[in-house]
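For reference, the chains in residue letters:
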Amino acid sequence: MKIAFAAMAAATFAVQLVQAQTAPAAPPQAAPATIAEDFKPSSLNQPGQQYPQVNSQGYVRFRVLAPDATAVKVSLGLGGRGGTTLAKAADGSWTGTTEGPLDEGFHYYHLTIDGGIFNDPGTLNFYGSTRWESGIEIPAKDADFYALKDVPHGRVEQILFPSPSTGTQRRAFVYTPPGYEKNAGTRYPVLYLQHGWGEDETAWSNQGHANLILDNLLAAGKARPFLIVMTYGMTNDVRPGQPGGLASFDIKPFQTVLLNELIPYVDAHYRTLADQKHRAMAGLSMGGFETKLIALKNLDRFAYIGLLSGGTISLEDVNTTPGYRDKVKLSFVGFGSREIEGGRSGPAGGPKVDPRANAEAIKAAGVPSAFYVSPGTGHEFLTWRRSLHEMAPLLFRD
């Protein structure tokens, strides 16, 4: 019965995480009395493109050329719910401004033109919601920690590794810190960092700016240099609303790829510290769920565990997982403040539990842990950027 209950709880949690990943962007902030006409092209626009534009208040103005169209709408957020209806001008262009300012940070969106779904030719594309979506960035007041600065930069490179278990060559991206090429005698710890449902191995470097976050922390002397490995978590074949949903999600195929194929490949081809105390696993949303499923059953492989809007670590988890107290050097849990309003993680963020209470309980029990809440954000990339920024300095403190 206990095993059946645990399986049912895990399945329910997985479904909730998928629902969270496909939820729309957080509700717009309260609209000011007037809209400031200081719009500038978004930082994510294609070269030379003037639209979409963002103003100092966080409003977004869209303009699309579609002279033969009869209706054009912009849908914001994973799943494309909510949005802005554009109005047609005499020159065949369609223009519209969001009803209110958007939350700071990154947002997915797409166009619906006469019932068909298209990406905005004015902006760059990012893989989310199991497709390449348009993206827009609302400048954040604390964006300095992930800004591109004049500091030493690491390298993000693609690797292709053999996967006998799937009969394919699989892809991953590896971040190596500044100086990796020059310091030939130095070996480094490794963080295996997972994306969320609907995304892939490009998410953490493209949407999340993980490399820039680490570059800036290292330049400030606030973190130990380490590698980050990002690969596809094999989650997107299951869609919300399908019979069974993620209740039938099987972690074993990805666990095999990660433990038996990717980690040995990385250790063989990079100068890693290839032991448990120098290896971490973390992930956002569904990636956090995967992290918990894999890491807690393989504490001989991972000493650091990070769940970013991907569940919590409870005292029961600690007490029922053999070796947790002896082997885990850090349990990190992060959420956006909107995910845990009222003290409970939901609807975004997983099961109806109190993650703060869980964090306090394991800390009181002497388990090395950290709990972080991103102010004013929900289930979105600004939450996860901030969480990585808070977690990274805590990793690999020998």
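Computed from a predicted model, the values in this text were never measured in an experiment. (Residues numbered from 1 in each chain as written. Predicted model: local features only at pLDDT ≥ 70, side-chain atom pairs only at ≥ 80, totals over all residues. Heavy atoms only, no water.)

This part takes up the overall build of the chain. Scanning the chain for helices and strands turns up nine helices and 19 strands. Counting over 398 residues, the chain shows a buried share of 55%. Of the contacts formed within the chain by residues at least 6 apart in sequence, a portion of 71% connects residues at least 24 apart. As displayed, the chain offers around 16900 Å² of accessible surface, 54% of which is attributable to carbon and sulfur atoms. (Helix = DSSP H or I, 4+ residues; strand = E, 2+ residues; numbered from the N terminus. Buried < 20%, exposed > 50% of the residue type's maximum accessible area, 1.4 Å probe, protein only. Contact = heavy atoms within 4.5 Å. Areas by Shrake-Rupley, 256 points an atom, 1.4 Å probe, with all protein chains shown as cover.)

Turning next to the packing of aromatic side chains. All chains considered together, the criterion is met by 13 aromatic pairs. Ring geometry for F161 versus Y265: centroids 6.3 Å apart, planes at 45°, classification tilted. Linking F161 in strand β12 (residues 155–163) with Y265 in helix α4 (residues 252–269), this pair joins segments that are 104 residues apart in sequence. Its relative accessible area of 0% is what places F161 among the buried residues. On the accessibility criterion, Y265 (18% relative accessible area) is buried. Centroid distance F381 to W384: 5.0 Å. Interplanar angle 80°. Geometry classified as edge-to-face. (Phe/Tyr/Trp six-rings, centres within 6.5 Å; stacked < 30°, edge-to-face > 60°.)

Now for the sheet that holds strand β18 (residues 330–336). Taking strand neighbours across the sheet as the criterion, the eight strands line up as β12-β13-β15-β14-β16-β17-β18-β19 in an open arrangement whose pairing is mixed. The sheet is open, and its two borders are formed by β12 and β19 (369–374), each paired with just one other strand. Going from strand to strand, the sheet's axes swing by 20° on average, the running direction of each strand aside. As paired strands, strand β14 (residues 190–194) and strand β16 (residues 279–284) are joined by five bridges and run parallel to one another. Residue pairing in the sheet places Q194 in a bridge with G283 of β16. Helix-sheet contacts for helix α8 (residues 355–364) involve β18 and β19, and the interaxial angle to β19 is about 155°. (Pairing = 2+ DSSP bridges. Axes fitted to C-alpha atoms, helices over the stretch in contact; angles between N-to-C directions.)

Moving on, we get to the environment of F302. Mapped onto the elements of the fold, F302 is located in the loop between α5 (286–295) and β17 (304–308). We classify F302 as buried; its relative accessible area is 0%. Distance from F302 to V328, taken between C-alpha atoms, is 7.4 Å for residues 26 residues apart in sequence. If we skip the residues at most four places from it in the chain, F302 touches Y192, L258, L259, I263, Q276, R279, A280, M281, I294 and A295.

Another aspect to go through is helix α3 (residues 210–219). Across the ten residues of α3, nine count as buried, placing the element largely inside the fold. A210, N211, L212, I213, L214, D215, N216, L217 and L218 are the residues of α3 that are buried. Where α3 is buried, its residues touch β12, β13 (168–176), β14, α2 (203–206), β15 (227–231) and α9 (381–391). Phi turns positive one or two residues past the end of α3, at G221, with a value near 70°.

What follows deals with the sheet that holds strand β6 (residues 87–88). Pairing within the open sheet is antiparallel, and its five strands lie in the order β1-β2-β3-β7-β6. The open sheet has two free edges, formed respectively by β1 (40–41) and β6, since each of these has just one partner strand. Across two bridges, the pairing between strand β2 (residues 53–54) and strand β3 (residues 60–65) is antiparallel. Along β3, the bridge assignment pairs V54 with V60.

In the segment running from Y51 into P52, the intervening peptide bond is cis, with an omega of 5°. Counting through the fold element by element, P52 comes out in the loop between β1 and β2. One non-glycine residue with positive phi stands out, namely M234, at about 60°. With respect to the helices and strands, M234 occurs in the loop between β15 and α4. Within the chain, S285 stands out as a residue other than glycine whose phi angle is a positive 50°. Along the chain, the position of S285 falls in the loop between β16 and α5.

Taken as a whole and judged by the stated rule, the model has twelve salt bridges. In this structure, D144 engages K149 in a salt bridge whose closest nitrogen and oxygen atoms are separated by 2.7 Å. Residue classification places K149 among the partly exposed positions, given a relative accessible area of 29%. (Salt bridge = Lys/Arg side-chain N within 4 Å of Asp/Glu carboxyl O.)

With that settled, consider the pairing of β18. With seven of seven residues buried, β18 is to be regarded as a mostly interior element. Residue alternation in β18 divides its side chains into two sets, L330, F332, G334 and G336 and S331, V333 and F335, and both sets are buried. Where β17 lies against β18, five bridges are found, and the strand directions are parallel. Bridge pairing links Y304 to L330 in β18. Note: β18 against β19, six bridges, orientation parallel. Looking at the pairing, G334 lines up with Y372 of β19.

Here the chain averages 89 in pLDDT, while 86% of its residues score no lower than 70. Here residues 1–28 scores under 50 on pLDDT; set against residues more than four positions off or in separate chains, the count is 57 contacts. In this model, residues 346–351 is a region of pLDDT below 50 whose contacts with residues beyond four sequence positions or in other chains number 22 contacts. (pLDDT = per-residue confidence, 0-100.)

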